[in-house]
Amino acid sequence: MAVRLAGWNDIQWCFSQVKGAVDDDVAEADIISTVEFNHSGELLATGDKGGRVVIFQQEQENKIQSHSRGEYNVYSTFQSHEPEFDYLKSLEIEEKINKIRWLPQKNAAQFLLSTNDKTIKLWKISERDKRPEGYNLKEEDGRYRDPTTVTTLRVPVFRPMDLMVEASPRRIFANAHTYHINSISINSDYETYLSADDLRINLWHLEITDRSFNIVDIKPANMEELTEVITAAEFHPNSCNTFVYSSSKGTIRLCDMRASALCDRHSKLFEEPEDPSNRSFFSEIISSISDVKFSHSGRYMMTRDYLSVKIWDLNMENRPVETYQVHEYLRSKLCSLYENDCIFDKFECCWNGSDSVVMTGSYNNFFRMFDRNTKRDITLEASRENNKPRTVLKPRKVCASGKRKKDEISVDSLDFNKKILHTAWHPKENIIAVATTNNLYIFQDKVN
Amino acid sequence: MLSKGLKRKREEEEKEALEVDAWWLDPGLPAVTQAPPTLASSSLFDLSVLKLHHSLRQSEPDLRHLVLVVNTLRRIQASMAPAVTLPPVPSPPIVPNVADNLLASSDATLSASMASLLEDLSHIEGLSQAPQPLADEGPPGRPVGGTSPNLGALDLLGPATGCLLDDGLEGLFEDIDTSMYDSELWVPASEGLKPAPEDGPGKEGAPELDEAELDYLMDMLVGTQALERPPGPGR
């Protein structure tokens, strides 16, 4: 996998594009809830609170004008999920898209899984660029011809037409989750996938919609004893029998499906002991893991909790091998963040193609990158103020205390309504997609 | 810092919360769980109870949020009276169970009455706390045993709410005369209905009243739920 990551100093992130409405008045339905590149990086999908999926396609690089890689333009937009009403429980089921996962491409069409709180759907996105013309019994506009007027027969032929991209739901996987689905993950066998809610994880076959296998169930017999929920789950990228799931108590369990049908007993338990000097009433909340992602190599996994990103070696359970502080200056503000519920925000994280850099979001539309080799980190901002293409982004700095330097931002000036929860990194190149509340920013490294 | 969602009842409480914020997380001080000031703990306690009520009022509570708030509440409760060890009270099925019941319940009326009851109780909590001189120096302002922790899972709620339900559910929907919730009226009834060892000496502080009401209510609800709904694997 060729990744042009020459060295930390050589990376200069530049603004490339921004998608979405300009006005400050954000429509609820436009809030972006998930972002995902496909396996080649050519397609970029977003899901929003209104249940819509928008897919962008990278235009083919213009070999002559090599000043930037191709731009992403809208390829397809469709309504994936609609709001539903559960009549039995008198509950409204939100149409918000929680996750999108792409299947690897097998033929001309593209496939992705999208899910809301209760139902997962397999969508087929296909192109049509020709249509048959010359029917014997139909006019070109579709009207039927009177058969008695047909005197000669002809063979219809395909003629080119304007490209049309169609999305159609091929499978609907419903009624398998009592609680809210937080994750879906496609197995490396490309035949099965898992879906996880607060208390259970189910295994599905992509072809079979009326049945799924429950592989993890942490619901206690007596709900009074409930103290922990599942927050994220993912299949190992290479071992089709291995998956992990994280919890609200900051633990990650690795399970082997060969061991038993119900994987309630983990094979490995990853947990870092609590630092006694940092103990507070909020220790558990901030240790709750909001995202877990395997590295592309499959050797490491990354977890995101409220204040940090941790890299774990799958061979070492008792502590992470690397820890990166995302916004440590918030530790003294936990009480206020608890009060305004920001402490419950669920940030995601992602790896770059070579697993050498990790990225995650923060507040004030800031996002952070950590280079695992050089141990350097950078804070950038997704803002329309820097929206000239090929403008190099200026690193940002938050002043935790004391005298604020010029160009620094004090913690109390941070806008906690501007949060970057979803980010994605192109699988092969230095192109990143960063979602603010209702805008999608695309940044690229500067091509010289 | 921008706040969203919760409306603060009193300005002073807000300032307290922000001020004590840095104070009791100062690494130079003894670990928080050992000797937190009653001030900070009670603010957080009230805040957490508010969050819990708010969460329960949702038609489908966010389980993660609920569990985290409940666990935090337990920590705060535990720290508020570390010396007191109580025998585990066979507590009525608590919030998560109620949440689960609410989730699976087809009895919308019960959920609705519970929701409106919680609403009333939140209102009353605010009223009953108003006269508390929290700004006073230290504990003397409040009965020390007042916030005696009920270490049962979510047994934050002490004496019972018998009187409320004795009036029948219709009573819930009428405007409630706050004089009904005067302390003297409640305590005798509660001791008769639920002789819990954790009841403090004589009359407890205001929070115990509301806890009592909720506790008994949950008892009632779960008793009813247990009759209505057979246990199942939930698949």
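My aim in this report is to walk through the structure given alongside it, one point at a time. (Residues numbered from 1 in each chain as written. Chains lettered and ligands numbered in written order. Predicted model: local features only at pLDDT ≥ 70, side-chain atom pairs only at ≥ 80, totals over all residues. Heavy atoms only, no water.)

### Regarding the overall build of chain B
Counted only if it meets this: The helix and strand labels rest on DSSP assignments: H or I over at least four residues marks a helix, E over at least two residues marks a strand, and numbering proceeds from the N terminus. Each residue is assigned to one of three classes by its accessible area relative to the maximum for its type, calculated with a 1.4 Å probe on protein chains only: buried under 20%, partly exposed between the two thresholds, exposed over 50%. Contact definition: two residues touch when any of their heavy atoms are within 4.5 Å. Where accessible areas are quoted, they stem from the Shrake-Rupley method and a 1.4 Å probe; at the residue level, only the protein chains shown are allowed to cover.
Helix and strand content of chain B: eight helices and zero strands. Written out in order from the N terminus, the α and β elements of chain B read α-α-α-α-α-α-α-α. Evaluated residue by residue, chain B yields a buried proportion of 49% over its 235 residues. Contacts in chain B between residues at least 24 apart in sequence constitute 81% of all its contacts with a sequence separation of at least 6. Taken as a whole, chain B presents about 11100 Å² of accessible surface, with 59% of it coming from carbon and sulfur.

### Re the pairing of strand S26 (residues 366–371) of chain A
Residues and elements named next belong to chain A. Note the following rule: Two strands are said to pair when DSSP picks up at least two bridges between them.
Among the six residues of S26, six are classified as buried, and the element is accordingly described as predominantly covered. Of the strand pairs in this sheet, strand S25 (residues 357–361) and S26 are connected by five bridges, and their pairing is antiparallel. The residue bridging Gly361 from the neighbouring strand is Phe367, located in S26. What sits between S25 and S26 in their antiparallel hairpin is a turn of four residues, with Asn364 showing a positive phi close to 60°. In this structure, S26 lies alongside strand S27 (residues 377–381), joined through five bridges in antiparallel fashion. Bridge pairing in S27 places Phe370 opposite Asp377. Following S26, the chain reverses through five residues before pairing antiparallel with S27; Lys375 in that reversal takes a positive phi of roughly 65°.

### Here we look at the environment of Lys397(A)
Along the polypeptide, Lys397(A) turns up in strand S28 (residues 397–399). Each C-alpha atom of the pair Lys397(A) and Gly20(A) lies 26 Å from the other, and the pair is 377 residues apart in sequence.

### A few points about the nonpolar core
What tends to happen in soluble globular proteins is that the nonpolar side chains get buried as a cluster. Rule in force here: Within this scheme, the nonpolar core is defined by two criteria: the residues are buried Ala, Val, Leu, Ile, Met, Phe, Trp, Tyr or Cys, and they are joined through side-chain atoms within 4.5 Å.
In terms of nonpolar packing, the biggest core is built from 44 residues, with Tyr306(A), Leu330(A), Tyr338(A) and Ile343(A) touching the most fellow members. Going through the elements one at a time, helix H1 (283–287) and helix H2 (334–339) of chain A together with helix H2 (38–57) and helix H3 (63–80) of chain B are the ones with two or more residues in this core. A total of nine residues in this core trace back to one element, the largest contributor, which is H3(B). Non-local contacts of Ile343(A), meaning those with residues more than four positions away in its chain, are made with Phe282(A), Ile285(A), Ile286(A), Tyr306(A), Leu334(A), Leu337(A) and Tyr338(A).

### A closer look at the pattern of salt bridges
Two side chains carrying opposite charge are able to pair once their charged atoms lie near each other. All names here are of chain A. Selection rule: The term salt bridge refers to a side-chain nitrogen of Lys or Arg lying within 4 Å of a carboxyl oxygen of Asp or Glu.
Within the structure shown, the criterion is met by 32 salt bridges over all chains. Its salt-bridge partner being Arg211, residue Asp210 comes within 3.9 Å of it at the nearest N-O pair. Summarising the burial analysis for this pair, Asp210 and Arg211 share the class exposed. As a salt-bridge pair, Asp291 and Lys293 come within 2.9 Å of each other at their nearest N and O atoms. For Lys293, a relative accessible area of 13% translates into the label buried. The network of salt bridges with shared partners includes Asp30, Asp48 and Arg52.

### Looking at the sheet that holds strand S14 (residues 200–205) of chain A
All names here are of chain A. For clarity, the cut-off: Helix axes use the C-alpha atoms of the stretch in contact, all axes being lines fitted to C-alpha atoms, and the angles between their N-to-C directions lie in the range 0 to 180 degrees.
Read from one edge to the other, the open sheet built from four strands follows the order S12-S13-S14-S15, with strand pairing classed as antiparallel. Across the chains shown, the open sheet's two edge strands, defined by having one partner strand only, are strand S12 (183–186) and strand S15 (208–217). Between one strand axis and the next, the sheet turns through 25° on average, direction left out of account. In terms of strand pairing, S12 meets strand S13 (residues 192–196) through four bridges, oriented antiparallel. In the strand pairing of S13, Ser183 is matched with Ala196.

### Structural notes on the side chain of Ser183(A)
Residues and elements named next belong to chain A. For clarity, the threshold we go by: The term polar contact refers here to a pair of N or O atoms within 3.5 Å; inside protein, the definition further demands a hydrogen-donor-capable atom paired with an acceptor-capable atom, and it admits residues adjacent in sequence only when both atoms are side-chain atoms.
Following the sequence through the fold, Ser183 ends up in strand S12. The class for Ser183 is buried, based on a relative accessible area of 4%. Reaching out from Ser183, the side chain makes a polar contact with the side chain of Asn182 at a distance of 2.8 Å. At a separation of 3.1 Å, a polar atom in the side chain of Ser183 contacts the main-chain amide nitrogen of Ala233. If we ignore the near neighbours within four places in the chain, the residues touching Ser183 are Lys99, Leu194, Ser195, Ala196, Thr231, Ala232 and Ala233.

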